[in-house]
Amino acid sequence: DAGITQSPRHKVTETGTPVTLRCHQTENHRYMYWYRQDPGHGLRLIHYSYGVKDTDKGEVSDGYSVSRSKTEDFLLTLESATSSQTSVYFCAISEIMDGNSGNTIYFGEGSWLTVV
Amino acid sequence: SQKIEQNSEALNIQEGKTATLTCNYTNYSPAYLQWYRQDPGRGPVFLLLIRENEKEKRKERLKVTFDTTLKQSLFHITASQPADSATYLCAFSNSNSGYALNFGKGTSLLVTP
């Protein structure tokens, strides 16, 4: 299994509070991603990182921010949590050998977040 | 926009039969497609990758085909077993988003003894 650790694994928080989810990898992969998964929507990309301090928005980035100060850590922050952000959040990592060979993405075990 | 579609209805089959799952895509010409397996409460796990110049790829009881004319990939599990019950996701990579994968919503497979 790829060395990806997400924390916390489960969290219940109140509307309006800030929340930070952490993803830690031991694979030294360059690319890291945050997805959310919801019934009826599947996996959707929130933000991604292509190196230390290099991040960009994905499909559903509103209400989320990220930071990557070290290769191994990618943080996802909900500045002011809303009930619509109740979801399962997956961190993923990848190393691109070259653009034509394909890249396998490895997922963490997920963080279940409930906003009440 | 790029779309990737999988049959949203669950697929129920009997043990020993071949399961066939379909993945269709529009507004994109991916260089390769990937298939993942997801068990309840777990993250997706990579199964197979097939490139656009490959018609077919096999791995043990798994077979994937890729038809760029039909814009379709088929995923087959032969001699299915109850342990194959899971949700199967197809995905293609988006080089505009750090090679993040765009996923279909997945098809749930249930193999009954």
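The rules behind each value
- Residues numbered from 1 in each chain as written.
- Chains lettered and ligands numbered in written order.
- Predicted model: local features only at pLDDT ≥ 70, side-chain atom pairs only at ≥ 80, totals over all residues.
- Heavy atoms only, no water.
- Pairing = 2+ DSSP bridges.
- Helix = DSSP H or I, 4+ residues; strand = E, 2+ residues; numbered from the N terminus.
- Axes fitted to C-alpha atoms, helices over the stretch in contact; angles between N-to-C directions.
- Phe/Tyr/Trp six-rings, centres within 6.5 Å; stacked < 30°, edge-to-face > 60°.
- Contact = heavy atoms within 4.5 Å.
- Buried area = accessible area lost by both parts, 1.4 Å probe.
- Salt bridge = Lys/Arg side-chain N within 4 Å of Asp/Glu carboxyl O.
- Polar contact = N/O pair within 3.5 Å; in protein donor to acceptor, adjacent residues only side chain to side chain.

## Some thoughts on the sheet that holds strand S3 (residues 19-25) of chain A
Residue and element names in this part refer to chain A. In space, the four strands of this open sheet follow the order S1-S3-S8-S7, with antiparallel pairing throughout. Every other strand in the sheet has two partners, leaving strand S1 (4-7) and strand S7 (64-70) as the edge strands with one partner each. Neighbour-to-neighbour, the strand axes of the sheet open up by a mean angle of 15°, direction not taken into account. Of the strand pairs in this sheet, S1 and S3 are connected by four bridges, and their pairing is antiparallel. For Thr-5, the partnering residue across the bridge sits in S3 and is His-24.

## A few points about the packing of aromatic side chains
Within the structure shown, the criterion is met by 16 aromatic pairs over all chains. Each ring, one from Tyr-25 of chain B and one from Phe-92 of chain B, has its centre 6.4 Å from the other, and the planes form 70°; the classification is edge-to-face. Placement of Tyr-25 of chain B in strand S3 (residues 19-26) and of Phe-92 of chain B in strand S9 (residues 86-94) is noted, with a sequence separation of 67 residues between them. Grouping aromatic residues by their ring pairs yields a cluster made of Tyr-33, Tyr-35, Phe-90, Phe-107 and Trp-112 of chain A together with Tyr-36, Phe-46 and Phe-103 of chain B.

## Examining the interface of chain B and chain A
Each side of the interface is counted separately: chain B has 21 residues, and chain A has 23 residues. Summed over both sides, the interface of chain B with chain A buries roughly 1,800 Å², with 54% coming from carbon and sulfur. For the pair chain B and chain A, the number of links is one salt bridge. In this structure, Glu-109 of chain A engages Arg-42 of chain B in a salt bridge whose closest nitrogen and oxygen atoms are separated by 2.6 Å. Between chain B and chain A we count five residue pairs in polar contact (both at pLDDT 80 or more) in total. Breaking the side of chain B that touches chain A down by element, the ones donating at least two residues are strand S4 (32-38), strand S5 (45-51), S9 and strand S10 (100-103) of chain B. Of all the elements, S4 of chain B adds the most residues to the side of chain B that touches chain A, at four residues.

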